[in-house]
Amino acid sequence: MVWELLSNPVLVSVAVLLALAALRMNVVFALISAAAVGGMMGGLDGEAFALLGSGEFTEFWKSAVSVFGSTMKSFQSSLDNGAVLAINYVMLGTFSIAISRSGVTELIARKLFQWIGCEMTAKKLFCFKYALLGILTLTAVSSQNLIPMHIAFIPVLIPPLLPVFDRLRLDRRAVACVLTFGLITPYMVLPVGFGKIYLNTILLDNIRRNGMEVAAAQASPAMLIPALGMVAGLLIAVFLSYRRPRAYNPVKTELMVEATEPVEIRPFNVAVGVAAILMALFVQIFLDSLLIGSLLAVMVFVAARVIRLRDTQDVFVQGVHLMGGIGIVMIAAAGFANVMKDTGGVAELVELVKGVAVHYRGVTVFAMLLIGLVITMGIGSSFSTVPLIAAIYVPLCAALGISPLATIAIVGSAGALGDAGSPVSESVLGPTAGLNADGQHDHIYDSTIPTFLHYNLPLLAAGWIAGMIL
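Residues numbered from 1 in each chain as written. Predicted model: local features only at pLDDT ≥ 70, side-chain atom pairs only at ≥ 80, totals over all residues. Heavy atoms only, no water.

(A) Quick look at the packing of helix α12 (residues 219–241) against helix α22 (residues 443–469). Interhelical geometry of α12 versus α22 gives an angle of 150 degrees and a closest axis separation of 7 Å. In this view, α12 runs roughly antiparallel relative to α22, as classed from their interaxial angle. Between α12 and α22 the crossing geometry is right-handed. Residue-level inspection shows I225, P226, G229, M230, G233, L234, I236, A237 and S241 of α12 in contact with α22, the latter providing H454, Y455, P458, L459, A462, G463, I465, A466 and I469. Here the contact of α12 with α22 is built from residues that sort into 13 nonpolar, five polar and no charged. (Axes fitted to C-alpha atoms, helices over the stretch in contact; angles between N-to-C directions. Helix = DSSP H or I, 4+ residues; strand = E, 2+ residues; numbered from the N terminus. Parallel < 35°, antiparallel > 145°, perpendicular 65-115°, else oblique. Left-handed = near helix turned anticlockwise from the far one by under 90°. Contact = heavy atoms within 4.5 Å. Nonpolar A, V, L, I, M, F, W, Y, C, P; charged D, E, K, R; others polar.)

(B) Spatial organisation of the side chain of R172. Positionally, R172 belongs in helix α10 (residues 172–189). For R172, a relative accessible area of 0% gives the class buried. Only 2.9 Å separates the side chain of R172 from the backbone oxygen of L435, close enough to count as a polar contact. (Buried < 20%, exposed > 50% of the residue type's maximum accessible area, 1.4 Å probe, protein only. Polar contact = N/O pair within 3.5 Å; in protein donor to acceptor, adjacent residues only side chain to side chain.)

(C) Spatial organisation of the environment of F68. Summarising the element assignment, F68 is placed in helix α5 (residues 57–77). Overall, the relative accessible area of 39% leaves F68 in the partly exposed class. Between the C-alpha atom of F68 and that of A35, which follows or precedes it by 33 residues, the distance is 10.0 Å.

(D) Spotlight on the side chain of T185. Secondary-structure assignment places T185 in helix α10. If sequence neighbours within four positions are ignored, T185 has contacts with A227 and M230.

(E) Looking closely at unusual backbone geometry. Located in the positive-phi region is R169, a residue other than glycine, with phi close to 55 degrees. Mapping R169 onto the fold places it in the loop between α9 (154–168) and α10. Look at R169 and you get partly exposed, because its relative accessible area is 44%. For R305, which is not a glycine, the phi torsion comes out positive at approximately 65 degrees. On the secondary structure map, R305 appears in the loop between α15 (290–303) and α16 (312–343).

Treat this as a map of the structure, not an account of what it does.
Shown next as structure tokens:
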């Protein structure tokens, strides 16, 4: 049992990915390296290692080279799955640069600066700081349901606010936790927007397909306790872990501001910016296309002559600089996830749950949640994890006499675990893209590790409690 866990290609590759990322290796390089290790472990069977033990080094290396070639083919075969996301993010970055040139975000930043510039007591500064964090929380929550634009608001809103954060000496790790909370918690518990997809289309449908009858009205109540775990993590991050002031290099922030052309705030340009935002929102909601929405929004700026046609090249290049990195990571993540599936390691991990003291509900529930965490950490998507684990988890819950309500909580929490704290998750990459606009926010140490600690641990505990008492 222990050896099966330690030799599982998914578990090993995720460990390699996290270790390399923690050593500050570029995430794309880490993904490729981890995929190679996992693929080799999954492809080299006992016969290959027997050749090594018998001294047949030539045959072993031939086998190893063959497996490595198959692994890289598997990695490359699914890169086009991430290409759609990549072009979406590039166009989103382009749209964000266009918005910044209209003066909309500059106007917001200047108003905030004016308020901070007034004489403020320590009490007023405290209230202003947490009011700002509260607004960012509500904005992130709204991006999942009320205005379903996911991480699209981050590169538009966050970079202009960095000088404001610096003036407040606000720890950006708290902002990263706030944004990640708003990107994950709503889809876990609110059946609207992305939550409707996660709860109804993915979670409940997969539970039904595997033999358990559940009602749509049960989803939100079942996921309430796990969601409260996320709330606890948010409160700990904001009011305990990162409450102290943190100084950043003001020179870098000023250079970031100076690197962009000074924006003259004109009412007409601001009105065009608002119209472009509404255009992008309308197209995304009704046509379900971030790509077309971003393109048409940029065309609004061009048609209104806020941006000249010849300047679109410069706007696009800056957009690639802002968001292209996320796109490349998502392409590599698609290849990594495909290798993990091809090794069969995901199925092996899920099957291992069957052998974990099935007569002890507490141990089994914890094992199910922990394995869900590992799978999502590697794949980077809770929406993709649920179909992989439901086929085993649902019959196992039924055999243990676990109620439908508790089953929803277990499978839903196991899927959501790892969305925060995964270096390849959009919910972590998005905040980094905004907060690192001036190069002072590290993806691993300022986004990945803080969100892992503050959300996965409370969610693991809350999911276990829900699985035990519901």
